[in-house]
Amino acid sequence: MRRLGQRSLVVAPLRAPDVPRLHDRVLGALVLIHSAGSTFSAEEVALLGSIADQVGVSVQSSRLRQQAVVLEERQLLARDLHDSVTQVLYGLVTLAEAGQARLEAGSLEGLHPTFERIAATARQALNEMRLFVHRLRPPELEQLGLAAALNQRVAAVELDA
């Protein structure tokens, strides 16, 4: 507790327990200024310290929940990436092998549609990869606004025609 001219000031650190490091991290401070001519009692200072500790734990808990949500979203994205793009790439391999077998057999009939399907499937894989990469980026909506964020999303994901 300090005196500022006619006022009293008390500062309590907002701490979050940091178990792996075995010490507390300071997240900020809770500051109270008493009116002119008044001082804080020992009970008020102790109460402020308790409140600051609770707020610090709450802030840390909120941050950990946000990190867990981000991690869960990334794991879901990784599963989606594996499931969809892997299947599309497997389809590409199958189509390419079928086309190669026709070439080796000397049968050129029906190769044009096979190559069209290979190209279409490759475009689909590219679009899906671009979408997954775009989903990994932080949201641009708040920074750019709706129209610019949508334009950026379309430019990042859609093929250049």
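Residues numbered from 1 in each chain as written. Predicted model: local features only at pLDDT ≥ 70, side-chain atom pairs only at ≥ 80, totals over all residues. Heavy atoms only, no water.

Draft legend 1. Just the pattern of salt bridges, in detail. Applying the stated criterion across every chain yields a total of 1 salt bridge. Notably, a salt bridge pairs Arg 15 with Asp 53, separated by 3.0 Å at the nearest N-O pair. Here the residue Arg 15 occupies a position in strand 2 (residues 7-18), and Asp 53 occupies one in helix 1 (residues 42-104), the gap between them amounting to 38 residues. The exposure class of Arg 15 is partly exposed, given its relative accessible area of 31%. (Salt bridge = Lys/Arg side-chain N within 4 Å of Asp/Glu carboxyl O. Helix = DSSP H or I, 4+ residues; strand = E, 2+ residues; numbered from the N terminus. Buried < 20%, exposed > 50% of the residue type's maximum accessible area, 1.4 Å probe, protein only.)

Draft legend 2. Geometry of a nonpolar patch on the surface. A cluster of nonpolar side chains, contributed by Val 11, Val 31 and Ile 33, occupies part of the molecular surface with about 260 Å² of accessible area. If you trace the backbone, Val 31 turns up in strand 3 (residues 23-34). Owing to a relative accessible area of 43%, Val 31 belongs among the partly exposed residues under this scheme. (Patch = residues over 30% accessible without salt bridge, like charges linked within 9 Å, V, L, I, M, F, W, Y side chains within 5 Å. Areas by Shrake-Rupley, 256 points an atom, 1.4 Å probe, with all protein chains shown as cover.)

Draft legend 3. A look at the environment of Ser 38. Following the sequence through the fold, Ser 38 ends up in the loop between strand 3 and helix 1. Here Ser 38 falls in the partly exposed class, since its relative accessible area comes to 22%.

Draft legend 4. Structural context of the side chain of Ser 8. Within the secondary structure, Ser 8 is located in strand 2. Classification of Ser 8 as buried rests on a relative accessible area of 1%. Here Ser 38 takes part through its backbone oxygen, which lies 2.7 Å from a polar atom of the side chain of Ser 8. (Polar contact = N/O pair within 3.5 Å; in protein donor to acceptor, adjacent residues only side chain to side chain.)

Draft legend 5. Up close: the nonpolar core. Counting residues in each nonpolar core, the largest one holds 6 residues, listed as Val 10, Ala 12, Leu 14, Phe 40, Leu 48 and Ala 52. Only strand 2 and helix 1 provide two or more residues apiece to this core. The greatest single-element share of this core, amounting to 3 residues, is contributed by strand 2. (Core = buried A, V, L, I, M, F, W, Y, C linked by side-chain atoms within 4.5 Å.)

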